[in-house]
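Reading the structure
Each chain, letter by letter, is given below.
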Amino acid sequence: MTATAVSKPSTSIAKTAPFAVAGFALAIVIVVAGNVDLPKGESGGASDALSTAILCLALTAVLFGLIVPRVRRVDGTTLGLGIVSVVSLAAFWSGVTPVLAAATFAVAARGNTLGGKAKAGRLLGAGAALLAVAWTLATSHLF
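Remember, it's a predicted structure, so these values are computed and weren't measured experimentally. (Residues numbered from 1 in each chain as written. Predicted model: local features only at pLDDT ≥ 70, side-chain atom pairs only at ≥ 80, totals over all residues. Heavy atoms only, no water.)

A tally of helices and strands in the chain yields five helices and zero strands. Listed N to C, the secondary structure of the chain is α-α-α-α-α in terms of helices and strands. For the chain, the proportion of its 143 residues judged to be buried stands at 35%. If you take every contact in the chain between residues at least 6 apart in sequence, the share linking residues at least 24 apart comes to 80%. Of the roughly 8,200 Å² of accessible surface on the chain, 69% is carried by carbon and sulfur atoms. (Helix = DSSP H or I, 4+ residues; strand = E, 2+ residues; numbered from the N terminus. Buried < 20%, exposed > 50% of the residue type's maximum accessible area, 1.4 Å probe, protein only. Contact = heavy atoms within 4.5 Å. Areas by Shrake-Rupley, 256 points an atom, 1.4 Å probe, with all protein chains shown as cover.)

Let us now look at the nonpolar core. Judged by nonpolar contacts, the single largest core of 18 residues is most densely connected at Leu 63, Phe 64, Val 68, Ala 103 and Val 107. Going through the elements one at a time, helix 1 (13-35), helix 2 (46-67), helix 3 (74-87) and helix 4 (96-108) are the ones with two or more residues in this core. Excluding residues that lie within four positions of it along the chain, Leu 63 makes contacts with Val 68, Pro 69, Val 99, Leu 100 and Ala 103. (Core = buried A, V, L, I, M, F, W, Y, C linked by side-chain atoms within 4.5 Å.)

Following this line, the structure appears as structure tokens:
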């Protein structure tokens, strides 16, 4: 009887860090744009921005510290994260959409070749992040 070694997939921090930074940076754009220069009586402000930014930072840490490094099925996970990115648009103001989209791209980057599921997941994630940022900036009071 022979034993087969199963190696854990590894993702170097250097490979996923740019995705994490980009996703978190876009989340901060959403959080800041949605919470500054608000008309009197509208909800939001510095305390809401800070608590939402902390939520995005925690999500980034969990995704890139625990989830992304342990992914075994790149195609299915990429598609799943892409779908969750789209669903998160229901709370686009929270900033989590670009963080999820960045995780989608980080997982896809682990694959040698991407199947149709992974390509669809990346497209969903990118579209959701773009829509969340564009909608927030378009409806913000910054311009």
